[in-house]
Amino acid sequence: MDMDMKKRVHLELKDRSPAEVCVLALDTCRSGDGEVDGVTEEFSSLEVLRMSNVGLKSLSKLPLLPKLHKLELSGNAICGGLEALAEKCPNLTHLNISGNKIANMAALEALEPLKKLKTLDVSGCEVSTQDDYRDAVFRLLPNVSYLDGYDRHDNEAPDSDNDEDDGVGPHGGNGDDDDDDEDVSEEEEEEEEDEVGLSYLMKEGIQDEDDDGDYVEEEEEDGEEDDEDGDDEALRGDKRKRDDDDDEDGEEDDQ
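The structure contained in this document is the topic of the report that follows.

Section: helix α4 (residues 133-140)
And then number 1: Listing the buried residues of α4 in full gives Tyr133, Ala136, Val137, Phe138 and Leu140.
And then number 2: Tucked inside the fold, the buried residues of α4 contact α3 (105-108), β5 (119-121) and β6 (146-147).

Structure follows, in structure tokens:
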């Protein structure tokens, strides 16, 4: 069973005050009486409000939301009363009322005061099947650049208009915080691995230098031992020569 809208609002708040919330996502919860419930004027900083597929039939209880610029109302049963949007959300730039029960252009005339409205989606509503519907909407709302995902020349809207481009998650923070934290953790791990690898290489280099030094010292010690051995041999050779000379002198004396 879908959660009640008022309970959903309380869940989305967590430990914050309504004034701290910039984005509120209430999609697929349930409006018991077909009215907005739980969203109040205390949400004074609200910039994005999503209430798709919640069973709305009326916007008469929509509170004043002066900073709201994006409103998602697709998949409901709204058939009129859109003048509440101009009165309560005067700074709207994106409005999605696709899949509702808007039947004629007269209902859309209530959007005329929304001078900042740039993107409007009415697809899936009965009015969108009428002849000359697109031209009529662009004439009625000259500030609108994109209607149902296309401009007046049938060029598709850029991704920034079609995708979720709010820059914040459903709880009013950056929706990519978790991913960023993971990226930061991965980068930190990679840096640690690089530092360990560098330390290992430096240690290996120092060890190699020590080994080379030991090898040179051993060579020098071997050279010194060879020199000492050579000196001993020379001394012994000199002694033998002196002994031989003494023997020869003795023989001459005997004669």
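Details of unusual backbone geometry
And then number 1: Unusually for a residue other than glycine, Asp132 sits at a positive phi of about 65 degrees.
And then number 2: Within the fold, Asp132 resides in the loop between β5 and α4.
And then number 3: A positive phi angle, near 65 degrees, is found at Asp154, a position not held by glycine.
And then number 4: Following the sequence through the fold, Asp154 ends up in the loop between β6 and α5 (159-162).
And then number 5: Judged by its relative accessible area of 55%, Asp154 is exposed.

Concerning the sheet that holds strand β2 (residues 48-50)
And then number 1: One open sheet holds the six strands; their spatial order is β1-β2-β3-β4-β5-β6, and the pairing between them is parallel. Two strands bound the open sheet, and with one partner strand each, they are β1 (23-25) and β6.
And then number 2: Note: β5 against β6, two bridges, orientation parallel. Of the residues in β6, the one forming a bridge with Thr119 is Tyr146.

A look at helix α1 (residues 5-13)
And then number 1: Buried residues of α1: Met5, Arg8, Val9, Glu12 and Leu13, and no others. All buried residues of α1 lie within an arc of 140 degrees about the axis, which places them on one face of the element. In α1, those exposed residues whose orientation departs by more than 90 degrees from the buried face are Lys6, Lys7 and His10.
And then number 2: Lining the buried residues of α1 we find β1.
And then number 3: You can read the cap of α1 off the contacts: a side-chain oxygen lies 3.0 Å from the backbone nitrogen of Lys6, and it is on Asp4.

What counts and how
- Residues numbered from 1 in each chain as written.
- Predicted model: local features only at pLDDT ≥ 70, side-chain atom pairs only at ≥ 80, totals over all residues.
- Heavy atoms only, no water.
- Buried < 20%, exposed > 50% of the residue type's maximum accessible area, 1.4 Å probe, protein only.
- Helix = DSSP H or I, 4+ residues; strand = E, 2+ residues; numbered from the N terminus.
- Contact = heavy atoms within 4.5 Å.
- Pairing = 2+ DSSP bridges.
- Arc of directions from axis to C-beta.
- Polar contact = N/O pair within 3.5 Å; in protein donor to acceptor, adjacent residues only side chain to side chain.

Read these as geometric descriptors, not functional statements.
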